[in-house]
Amino acid sequence: MNFVLTGLSHKNAPLDILERVAISEEDLPSHIRALSSRLDSHDSATILSTCNRTELYAVTRNTGATMEEMITYLSILGDRNHQPSSNGTRADLAPYVYAKTGYDAVHHLFRVVTGLDSLVQGDHQVAGQVSRSFQALANVDTPADPVLSRMFHVAFRTGRTARKESGLGWSQVSIPSFGVKLLEREIGDLTGKSALLVGAGETGRITASSLMRAGVANMRIASRSRARSKGLAEDMNAVSVPLENVGPEMATVDIVITCTGANQNIILKNDIQPHISTRSSDIHILDLGLPRDVEPNVADLNNVRLFTLEDLQRLQDEHQKSIAEASEKAETIVANAAAEFIDDIEIQPLLRDIGESAERIRAAELQRTLSKLQNIDPNTRQAIEAMTRSMVKRILADPIQILKQRKR
């Protein structure tokens, strides 16, 4: 069995391409089932979808065929109706799709979970996003292959270790905190400013906390879930407003940040134009959604300054310099952990064969010996059997340990 990965991310694909293949959390199980149905029955696959990447992972016996099907499925995702795509759609995505196998696929996942491959390097939010994507497998009828599950579990453990031991986790940066920093660069001090936050999920909560730390004094929160927006508003000493009131609210606030996870634009130019036209000052809109929450042509309106995930890249170089040493340590930990994982996976069949061979020999010799003994009582039989099992286990312990060490 080999590990296979195909995907697109912020590193090599523009925002309009990324949003075409993005999958909402609630739709992940159905897409995992659809992808799995295209693969061999012995294969196992899952899909990872975060705010800046969509990746397909599998363990397979036929690397080439599985990779081809996974790339085809990405082109299916690229079609708005999730129907088999034309060659044109596949050609559109082709320059941005990457594929990795074996160690490279495992190493990539470990880097993603650790936050080393994030739009904001060291992003502490991404591990939770990966975890929720992986948990979608629980809602799929066919259980995941144990090796695929093990890869993700080891990735989570490696991420925690790397962040802690390298110091990468100390910065506690995230895409929302970077977004607020971008707004501070564009506007200046946010103390006393008013903000409208559209979205009350995990990203919304982190965004709200970042705005409060930046000094925003008046915050309104809207969400597709009124209960969720009310709950977050209570926690943040903010005001919950209906989602349909977003337009009127934009007539007065200084800042709008969106992070809904919706499948399509929810803030449209024609809907908000009457409210924006009454403003005497600029409104700064930061769209953290993927797909985008804000219709791109909103940027054409007077008094609007629209920023998206792509604009955060401007701050990445500066941030990367500040955490260079921690990142280097984390990279070493992750690379070693990925290599160790691959070694363990590759050596398991050999160790299993050794164990099974030793057990056959033990059982045969035990049966031969017991057949020669007369009137042996059950307790003595059990004691002899336990003794032979213990002997075989102790005899194999050192050779197995040596094999593991040499493999690494």
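Summarised in this report is the structure supplied together with it.

About the thresholds
Residues numbered from 1 in each chain as written. Predicted model: local features only at pLDDT ≥ 70, side-chain atom pairs only at ≥ 80, totals over all residues. Heavy atoms only, no water. Pairing = 2+ DSSP bridges. Helix = DSSP H or I, 4+ residues; strand = E, 2+ residues; numbered from the N terminus. Axes fitted to C-alpha atoms, helices over the stretch in contact; angles between N-to-C directions. Contact = heavy atoms within 4.5 Å. Disulfide = S-S within 2.5 Å.

### Focus on the sheet that holds strand 7 (residues 239–240)
Pairing is parallel across the open sheet formed by six strands, whose spatial order is 7-6-5-8-9-10. Here the strands that pair on one side only, and so sit at the sheet edges, are strand 7 and strand 10 (304–307). Looking at chain direction, strand 5 (residues 194–198) and strand 8 (residues 255–258) are connected through four bridges and run parallel. Counterpart to Leu197 in the pairing with strand 8 is Ile257.

### Overview of the sheet that holds strand 1 (residues 2–9)
Read across the sheet, four strands follow the order 2-3-1-4 without closing on themselves; strand pairing throughout is antiparallel. The open sheet has two edge strands with one neighbour each: strand 2 (44–50) and strand 4 (98–101). Direction aside, neighbouring strands of the sheet carry axes that sit 15° apart on average. Direction of pairing for strand 2 relative to strand 3 (residues 53–60): antiparallel, over a ladder of seven bridges. Its bridge partner lying in strand 3, Ser44 is registered against Val59. Relative to strand 2, helix 2 (residues 28–38) is tilted by about 140°, and along the sheet it contacts strand 2 and strand 3. In the packing of helix 3 (residues 63–77) onto the sheet, the strands contacted are strand 1, strand 2, strand 3 and strand 4, and the crossing angle to strand 1 comes to about 25°.

### Remarks on the state of the cysteines
Counted by the stated rule, this structure contains zero disulfides. Summary of cysteine pairing: Cys51 is not part of a disulfide, and the nearest cysteine sulfur, belonging to Cys259, is at 10 Å.

So yeah, pure geometry; function would need other evidence.
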